[in-house]
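Understanding the architecture of this molecule
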Amino acid sequence: MLRLVFGALRRRGAQSLAVFALAALFVAVAAAGPLFDAAAAQRTTAADLAGTTAADRLLSVRRPVATGSDPAAALADFRRAAAAVLPPHHGPVSLGLTQTLIARVDGLGKMVPLAYRDNACDHMRIDGACPAAPGEAVVSRAAAKTLGRPVGGEIELRTQLTGAGVPLTVRIVGLYDRADPGGDWWADPSFAPGRIAAGEETVDPVFLPIGAFTGMLAAPTAVYTVPAPPTLLEDGFEATAYALKSAGFDVTAPPDALLAQVSGDRAATRRGVLAGWVQALVLCALALGIVGRYTAQDRRPDYALLQLRGATRARTVLLTVWQQLLPMLAAVPAGLALGWAAARLAAGAPAPVRAYAPAGIAAAVAVAAGLALLVLADLPLLRTPVAELLRRTPAPGRRGAALFDLLLVAGAVAALVQVRSQERAAVPSGFAVIAPVLLALAAATLLARLVTALAGRAGRAALRAGRVPAALAALQYHRRPGIDRIFALVAVAVALLGLAGGDLLAGRDARADRTAVELGAERVLTVRAASHTTLLRAVRLADPGGRDAMAVALDDTTDPPVLAVDASRLAAVTRGAGALPAETAAVLAPGRAGELPPVEATGLTLAARNDSPGPLRLVVQLSSTGTGAAVNVILGPFAPGEHEASAPLAGCGAPGCRIVALALAGPGDEDGKPAVPAAASALTVRSLRQTGASAPVLDADRLGDPRRWRAVLTGPGIVVAPSDGALTLRMPPPPAEGTSQARPDTGAYVVDGALPIPAVLAGDPPRGWASGEPTVSPFGSPAQPLRIAARRPVLPVLGGAGLVLDLDAVQRALPAPASTGTLQVWLAAGVTAARAAAIADRLAAAGVEVVGSETAARHRARLAEQGTAFAGRFRLLSAVAGLLLAAVAAAAAVSVERRVRAGEVRAMRVQGVPARATVTAAAGGQAALLVLGTLGGLAAAAFAGWAIDAPVAAFVDDWHLTAPPPALRPGALGLAGLAALAVLAVASGPALLGRPGGRPGAGR
């Protein structure tokens, strides 16, 4: 039997090769699905981790330990206990100890975290020495300034602020700066920089050697920090967290938002891969069915011979199975290798070993399904009479074709309905998963019937006109059985390729638009600075031309959120979706007229009249124009009547200070601090000048100008009355009996810029604006008046809701910001990496620390590694596989048809048809099939895109701030058509260029 099988395979080498190629593609597609899905899951999880903050991608485990006399051994025991509970991981482990004591500075308690951490000095730039012996410490420059201790100084620490117990004294041997402030090593919250919370100030960690953790430091908290394992995020963290807490550990894990992002990417990848997988498998089944039908027709004489020789039906079926099974089994290794390589290339990473078993199962199912399809195509011939089998042309009879087409159209309608009901779903379900292939297949099937019918009419018309080659080509096309199925397969493959390419281009454009909105600039540096003033000054020194860099401060805690930018540089630095037009940016910084001169002297002299029965003082509040530091000068007390008084001023050397406010104060409390003046107290300021200078800083014109002064907008405040060349500050009358009133704000604030502050608004205004003027309290300051100069649908960073203000106008309007918010420096698109590094160095020299950097290219690359993007890649891979399937099926059909038509060609040659006409007719008919199938595919793609009419789900979340790019792209369709013609021509080229059978010269 095997000899018969091998003989049949040799006689029909082209058909056997086609079955081999289709089986290899079928197995490749089946295996590529699980392999790609697993590899893409790893990539999306890694991208989600890379796109979050360093603190969010860490897993930190803590537990109190008793170090006794051997802290190193206690820390090693802690490490073994934590590692026994945590799942396997491959990231670097960092161990540490921390315990907080209290230092008394100027009568106030400062929380001082004392810490040990592995290789701490390797992550610092130290001015001095690394601590090596107990009693030695290295502190940050900021902590040394807060504690008032230089290198060589000692810090006295206690467990209580009251001073009870024997103190612990450590000597400072070095000052450190963080070498990589935005890296993972510094991201653990147990070793975070200092902060102020609930009125208590915590300084930066003070690092000690491990031997110091004895005695008073014998009960620290041990910390085990490791990057969160991606497999832990993919599989869920709940079980691990429960096990850690049951073992007595406190856990700082990746936040729920990151876990939700990982889960969403995983689901989007799986659903998208399933959609592309099903589409490709449908095309595989169609291609195998077509090739099976054609190869079965080519074996009709064999079946007739077997019946004449008395072969049983079982033996015939067995011979059929072996003829199909052998090339399919031979194709399995090639298909598995091709599927692995395709998944590796498309996912950009090899699949984990755990995906090999599902891929093998899928390949086995594909082989079984392909074999069943091929055998089913032969089964009708077993019941066909010998006389019918010996016919050169099989009798037409496709009674089930119309029913199949009807069911196909019904499935396409059902898919379309589900697509419309899931319009914004990132991961479709049900029939919507294969909606593109069903719609394209329905359209291609109807087009195939139409083209076949038109070919018959065109052939008859050409024959009447005497155009023999065209008539023969058209009539052969019309009469060829199954040609409409080949047309439909080619058209669907081209349509899916065009749609997948359009989706990929649309996703690329959507990611670019989103990056422009979320990032704001081509490169963004996240920085730390003491104040907005420090940041503005540093950026202007780093980029004096104003074309490359811009200072930015973000406060997302207000309603609405506020983005403060250096508006004079906004148009030069920002580009893309969400960017403000130049004319809109210009209204944010209209300029300042009548700016007060800077104060640079060492003292101030005040002339004022006290109109109160008791003594008063005046607090002049200033801000350094170089650093933004607050400087206060207290003048007085003044008894009732006219007075002139002076007070020293420190901290206002070049470039000087600006006056922020004049605040009324009482004679002072027990500690000498200003007290709230009595109700109805009043002080009239006549002039304020720098000591030793003749020209006043505040003269009669400035003091008496009502446009120059204002009181606080919200809450009780003093009465500010500028008139007649003087400024009168008057406390409000006492509250009515039985009522209470909050402590009034006693300041008269200088209007040293545009007020109300011009702003650009996106989104709906807050409800509070409906009952009054627009105000905002950015960076923890009192409310500031606003003027909405323009409105935009989308703003950079803020998206669809927020305010953009001028940073310089904001910092001049704010009396004393409680926080700086998130500080950034935006760099323009033309800034190279070397130029960005130079700007970062200049910022550092000006006192601004760069703690992170992000570029638009990296942001787009991370978005391109979301689950939806990987799903789009697999759909393109499936579409390419579909095109190859269609090319192989078309080539197989050509090969069979050439032998079937050879006798017809010889007969026509005998009747006098020229050889050129027969060759042209044969090649022209096949070329028409390929060209018309390609054009039909483009039409089917246009129909499917129009029918679905849904934007590409480019992201896992519900991003809708930028208009989704159109998914139907003429460029993508054109490239798909050219690629299809090239592939189909290569596959069918030998048949197209071959000469049909016949005796040369016959009929001449």
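In what follows, the structure referred to is the one given above.
Not measured: the values here are computed from a predicted model. (Residues numbered from 1 in each chain as written. Predicted model: local features only at pLDDT ≥ 70, side-chain atom pairs only at ≥ 80, totals over all residues. Heavy atoms only, no water.)

Here we take up the packing of aromatic side chains. The tally for this structure, following the rule as stated, stands at nine aromatic pairs. Considering the side-chain rings of Tyr-176 and Trp-186, the 5.9 Å spacing of their centres and the 20° angle between planes classify their relative orientation as stacked. Placement of Tyr-176 in strand S7 (residues 168-178) and of Trp-186 in the loop between S7 and strand S8 (195-197) is noted, with a sequence separation of 10 residues between them. Since its relative accessible area comes to 3%, Tyr-176 is described here as buried. Among the aromatic residues, ring-to-ring pairing joins Tyr-176, Trp-185, Trp-186 and Phe-207 into one connected group. Here the basic side chain of Arg-63 rests over the ring of Phe-249, its NZ or CZ set 4.2 Å away from the ring centre. Above the ring of Trp-185, the side-chain terminus of Arg-117 is found at 4.5 Å from the ring centroid. (Phe/Tyr/Trp six-rings, centres within 6.5 Å; stacked < 30°, edge-to-face > 60°. Helix = DSSP H or I, 4+ residues; strand = E, 2+ residues; numbered from the N terminus. Buried < 20%, exposed > 50% of the residue type's maximum accessible area, 1.4 Å probe, protein only. Lys NZ or Arg CZ within 6 Å of the ring centre and 35° of its normal.)

Here we come to the pattern of salt bridges. Under the counting rule described, the total for this entry stands at 27 salt bridges. Of the charged contacts in the structure, one is a salt bridge between Arg-689 and Glu-644, with a shortest N-O distance of 3.3 Å. Here Arg-689, found in strand S21 (residues 682-690), pairs with Glu-644, found in strand S19 (residues 641-648); they are 45 residues apart in sequence, far enough to count as distant. On the basis of relative accessible area, Arg-689 is assigned to the partly exposed category, the value being 25%. With a shortest N-O distance of 1.9 Å, Glu-854 and Arg-862 are connected by a salt bridge. Among the charged side chains, a network of salt bridges with common partners joins Arg-540, Asp-543, Asp-548, Asp-566, Arg-569 and Arg-835. (Salt bridge = Lys/Arg side-chain N within 4 Å of Asp/Glu carboxyl O.)

The nine strands are arranged S28-S29-S27-S30-S15-S14-S31-S13-S32 in an open sheet whose pairing can be described as mixed. What marks the edges here is a single partner per strand, and that holds for strand S28 (775-776) and strand S32 (849-855). Pairing analysis gives four bridges linking strand S15 (residues 562-565) to strand S30 (residues 802-806), with the strands arranged parallel. In the strand pairing of S30, Val-562 is matched with Leu-803. Relative to strand S14 (residues 549-555), helix H16 (residues 532-542) is tilted by about 160°, and along the sheet it contacts strand S13 (523-528), S14 and strand S31 (822-827). (Pairing = 2+ DSSP bridges. Contact = heavy atoms within 4.5 Å. Axes fitted to C-alpha atoms, helices over the stretch in contact; angles between N-to-C directions.)

Moving on to the side chain of Arg-523. Here Arg-523 lies in strand S13. The side chain of Arg-523 is buried and forms no salt bridge, while Glu-522, the nearest opposite charge, is found at 7.7 Å. Once residues within four sequence positions are removed from consideration, Arg-523 is found in contact with Val-825, Trp-826, Leu-827, Thr-832, Ala-833, Ala-836, Ser-853, Glu-854 and Thr-855. (Lys, Arg positive; Asp, Glu negative; His and termini not counted.)

Turning to helix H21 (residues 833-845), a few remarks are in order. Between its terminal C-alpha atoms H21 stretches 19 Å, which fits the 18 Å expected from 13 residues at 1.5 Å a residue. Turning to H21, its buried residues number three or more, namely Ala-836, Ile-839, Ala-840 and Leu-843. One side of H21 carries all its buried residues, which in axial view fall inside an arc of 100°. Seen from the buried face of H21, the exposed residues on the opposite side, beyond 90 degrees, are Ala-834, Asp-841 and Ala-845. Check the buried side of H21 and you find it contacts S13, H16, S14, S31 and S32. (Expected span 1.5 Å × (residues − 1). Arc of directions from axis to C-beta.)

Nonpolar side chains collect at one region of the surface, where Val-409, Val-413, Val-417 and Leu-446 lie side by side and expose about 330 Å² of accessible area between them. Among the elements that take part in the nonpolar patch, helix H12 (residues 401-421) stands out by supplying three residues, more than any other. With respect to the helices, strands and loops of the structure, Leu-446 is situated in helix H13 (residues 435-464). (Patch = residues over 30% accessible without salt bridge, like charges linked within 9 Å, V, L, I, M, F, W, Y side chains within 5 Å. Areas by Shrake-Rupley, 256 points an atom, 1.4 Å probe, with all protein chains shown as cover.)

Our next topic: the sheet that holds strand S17 (residues 616-624). One open sheet holds the five strands; their spatial order is S18-S17-S20-S26-S23, and the pairing between them is antiparallel. Looking at the sheet topology across the chains shown, the edges are occupied by strand S18 (630-638) and strand S23 (709-710). Pairing between strand S20 (residues 657-665) and strand S26 (residues 747-750): three bridges, direction antiparallel. If you follow Ala-661 over to S26, its bridge partner there is Tyr-749.

Taken N-terminus to C-terminus, the directions of H13 and helix H15 (residues 483-519) make an angle of 140°; their axes are 8 Å apart at the nearest point. It follows from the interaxial angle that H13 and H15 lie oblique. By crossing handedness, the relation of H13 to H15 is classed as right-handed. Within the contact between the two elements, H13 uses Pro-436, Val-437, Ala-440, Leu-441, Ala-444, Thr-445, Leu-447, Ala-448, Val-451 and Thr-452 and H15 uses Ile-483, Asp-484, Arg-485, Phe-487, Ala-488, Ala-491, Val-492, Ala-495, Leu-496 and Leu-499. Here the contact of H13 with H15 is built from residues that sort into 16 nonpolar, two polar and two charged. (Parallel < 35°, antiparallel > 145°, perpendicular 65-115°, else oblique. Left-handed = near helix turned anticlockwise from the far one by under 90°. Nonpolar A, V, L, I, M, F, W, Y, C, P; charged D, E, K, R; others polar.)

Moving on, we get to the pairing of S13. Note: S13 against S31, five bridges, orientation antiparallel. Paired with Val-524 across the strands is Trp-826, a residue of S31. Relative to S32, S13 runs antiparallel, the two being bridged by six bridges. Looking at the pairing, Leu-525 lines up with Ser-853 of S32.

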